[in-house]
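What follows is each chain in one-letter form.
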Amino acid sequence: MTKILIVEDDENIAGTIKATLTMVGYTTEICYNGAEAVEVILGGQWDLVLLDVMLPGLDGFGVMEKIRSTEIPVIFLTAMQNVLDKVNGLRLGAEDYIVKPFEALELLARIEVVLRRKNKLSSVIKYGDITVDTEGYTVKKGESTVALTPKEFQSLMLFLSNIDVAVTRERLLSTVWGYDFEGESRTVDIHIQQLRKKLGLHKHLVTIPKLGYRLNRYEEL
Amino acid sequence: MKLKWKIFLVSLVFIMAAVAVTFVTILNVTLERSVASDRESAAAYNGYFASSVSGRILYKQVSQGVSVLGSEEINSALRDIALDYESFGDAAAVLLLDERGKTVGAGGNTQLAETESLPRRGELTDSDCYTVICDREGRSYLTAASAFSIHGQDIAIYSVHDVTDTYNSFKELSRFGTAVSLVSAITVSLLLFVITVVLLRPINTLNRSLGAIAGGNYASRAPLSGGAEFKEIAGNINIMAEAVEDNVHRLENIAESRKQFTDSFAHEMKTPLTSILCYGDLLRIKRDVSEAERLEYSAVIVEEAKRLKALSSKLLELATTESANLELEKIDLSGLFSEIESAVRPILSARNITLEVKGEGSTLLGDKDLIRSLVYNLIDNAQKASSEGGEIILSQARTDDKTLITVTDRGIGMTDEVLKRVCEPFYMADKSRSRKAGGAGLGLSLCAEIVRRHGGAISIDSTPGKGTRVEVSLPHTNEAEE
């Protein structure tokens, strides 16, 4: 159970982050100011901290300095696009930053990257009779190994991290293919077809019209 | 070219010219005098020669005991005397010609005589002496022509004198003089140069100061050194630098507050947008959304969207107030107050807040929409600061030259710290409370702008826990700013 602490003074934003994280199965708690956050972090076991830069009293940077010793990964949230804030935060040891406003899956994708980097995610993911070894980059269906291309593997990972959540083509394109990809979303469709075929996911990896694709929670069908 | 070099070269040229002119003049005068002297001595020679001839002839006459000598005798006497030319003085040659131009006597190298350019006997009178100077084989010769008569014979005597030395000394003097004048010209010019450099040194100092200021160091000043003119220039430069520095600071401040405004604005926009975007996205991508979730998410989306709406319309009001033309009219405050009272009644009664309206009879020259907005915003603030069952007082009053509008509440109040910044755009004393009430921190900056456009003043007193009193004073004559 991955535990993530949300430090954000705006109640609504805190609420929406919590709802997003809970959706994919993280355990969360909220702190509305910096001083409280420092206490909670030092007094508990956290896998990740989402830290707003603009907080009343002790601001985000102040908090980061105080929790440096814990080596807990921090992603900071900022409304400002300015370079100084970003550089400051990264220098103080933050893993990444997210600029408000953000889409749900954007937030989740960044969290996942950081958690994977810090080995906070379990290395083996199971879905029905499919086993994925995230460290060895291998996929097995039942006993036999299935050969997936790197893009297919990444797409699969994205779906497995977002069970019951619709993943848009745009999100797939930017996460798996990178933001600079100029190609059509037909590429995405073809990849999904391949993925379904190779892993027999026709009934589980469904198409959501006008939106994208979704891997439903596993049920015997 | 630098000034000091210009001065040096110009002065050098002028000094050299002056010295040259002086020197050449003196030299020429000296030469003239020498030549004149040579001419005189040549004439003297001719005269002596002539009188010697007369004397010799007379002697012969006496020794022969005759009163007149024969022409043969005269001619031979002339010949002898001519040959003896050197005993009369310094001459290189002597040539005697009769009226017809026939040589009657010659001595020395008569080739040297320049008779061509001198008058013939017919033109010479007894008292004249004509001279001409010419150069032969590297030496200068003066030929002097004069005339005398012997026993009725008119004789022209041409004597030749070597005057090379006169010219040589002239040349020596010339060389010497040129050297001296060159040296003195250069020396004086160098002196002048040094003096100029010293006097002009302050220019370099000034130049450096100007360079520093031009390079962006607007705080640097020119030192007040050098002569009176330089001190004056330095003083003026400093005044100018001061003005530049002030302007730069003013512009920096303006740019800074613009930036702050934009940053705050962006932040205030992005905050509600974050919840809207994220909750909206969740509604879209989640497979199962529970009823509770649906209600919660949609409530926040609507609430935040309303907040954005309030923010953008307030911002628009603020922007248009700054640039709008005022439509001035005479406003009856009592009328305006009752309009506003009706408008706010629903909001106030929902929270059990009473509004007491005091005073009467004051009028005001202003833009009705803006004044209405002003009062409305003040009451809105008072309402937000008050808790349930609170009390707000709206009053009007007038002094000799001002109309006063006062809004008082018994609400939460503000500390001095907060008071200092309360009219800043987007500033909120308590962010969460303000946002909950749908505020964006723009109300008072809008009021401040309206008051400014009307040429008035706004003053705020507040005690935390006790309440706040906002007093707006506006001139009730045409002093409103356009």
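S.K.: Help me out: how do you make sense of the overall build of chain B in this one?
M.R.: Check the secondary structure of chain B and you find ten helices and twelve strands. Out of the 482 residues belonging to chain B, those deemed buried represent 28%. For chain B, the proportion of contacts with a sequence separation of at least 24, taken over those separated by at least 6, is 65%.

S.K.: For this particular structure, what's the right way to read the overall build of chain A?
M.R.: Regarding its fold elements, chain A presents eight helices and twelve strands. Considering chain A as a whole, with its 221 residues, one finds that 37% of them fall into the buried category. Put simply, 54% of the contacts in chain A that link residues at least 6 apart link residues at least 24 apart.

S.K.: What exactly am I supposed to notice about the pairing of strand β6 (residues 124-127) of chain A here?
M.R.: Side-chain direction in a regular strand flips from residue to residue, so the side chains alternate between the two faces of the sheet. The pairing of β6 of chain A with strand β7 (residues 130-133) of chain A spans four bridges and is classified as antiparallel. Within β7 of chain A, the position partnered with Val-124 of chain A by the bridge is Asp-133 of chain A.

S.K.: Would you take a moment to explain the nonpolar core for this structure?
M.R.: Most often, soluble globular proteins keep nonpolar side chains buried together rather than apart. The biggest cluster of nonpolar side chains holds 64 residues, and the ones touching the most others in it are Leu-5, Val-7, Val-49, Leu-50 and Leu-51 of chain A. Within the second largest apolar cluster, 36 residues are counted, among which are Ile-74, Phe-88, Val-94 and Ile-157 of chain B.

S.K.: In this structure, what is going on with the sheet that holds strand β10 (residues 402-409) of chain B? I would like to understand it.
M.R.: Strand pairs in the sheet, formed through backbone hydrogen bonds, run parallel or antiparallel to each other. Residue and element names in this part refer to chain B. Ordered by their spatial adjacency, five strands build an open sheet running β7-β9-β10-β12-β11, and the pairing between neighbours is mixed. The sheet terminates laterally at β7 (354-358) and β11 (457-463), the two strands that pair on one side only. Shown here is a sheet whose adjacent strand axes are inclined to one another by a mean of 10°, direction ignored. As paired elements, β11 and strand β12 (residues 467-475) share seven bridges and run antiparallel to each other. Paired with Ser-462 across the two strands is Thr-468, which belongs to β12.

S.K.: Could you clarify how one ought to interpret the sheet that holds strand β5 (residues 153-162) of chain B in this entry?
M.R.: All names here are of chain B. An order of β2-β1-β5-β4-β3 is seen for the five strands of this open sheet, with the pairing classed as antiparallel. Lying at the two open borders of the sheet, with one neighbouring strand each, are β2 (103-108) and β3 (130-136). Pairwise comparison of adjacent strand axes, ignoring direction, gives a mean angle of 15° for this sheet. Examined bridge by bridge, strand β1 (residues 93-97) and β2 share five bridges and lie antiparallel to one another. Following the sheet pairing, Leu-95 is matched in β2 by Ala-106. Lying on the sheet, helix α2 (residues 71-83) is in contact with β1, β2, β4 (139-150) and β5; it crosses β2 at an angle near 20°.

What counts and what doesn't
- Residues numbered from 1 in each chain as written.
- Chains lettered and ligands numbered in written order.
- Predicted model: local features only at pLDDT ≥ 70, side-chain atom pairs only at ≥ 80, totals over all residues.
- Helix = DSSP H or I, 4+ residues; strand = E, 2+ residues; numbered from the N terminus.
- Buried ≥ 20, exposed ≤ 12 C-beta atoms within 10 Å, placed from the backbone.
- Contact = placed C-beta atoms within 7 Å.
- Pairing = 2+ DSSP bridges.
- Core = buried A, V, L, I, M, F, W, Y, C linked by C-beta atoms within 7 Å.
- Axes fitted to C-alpha atoms, helices over the stretch in contact; angles between N-to-C directions.

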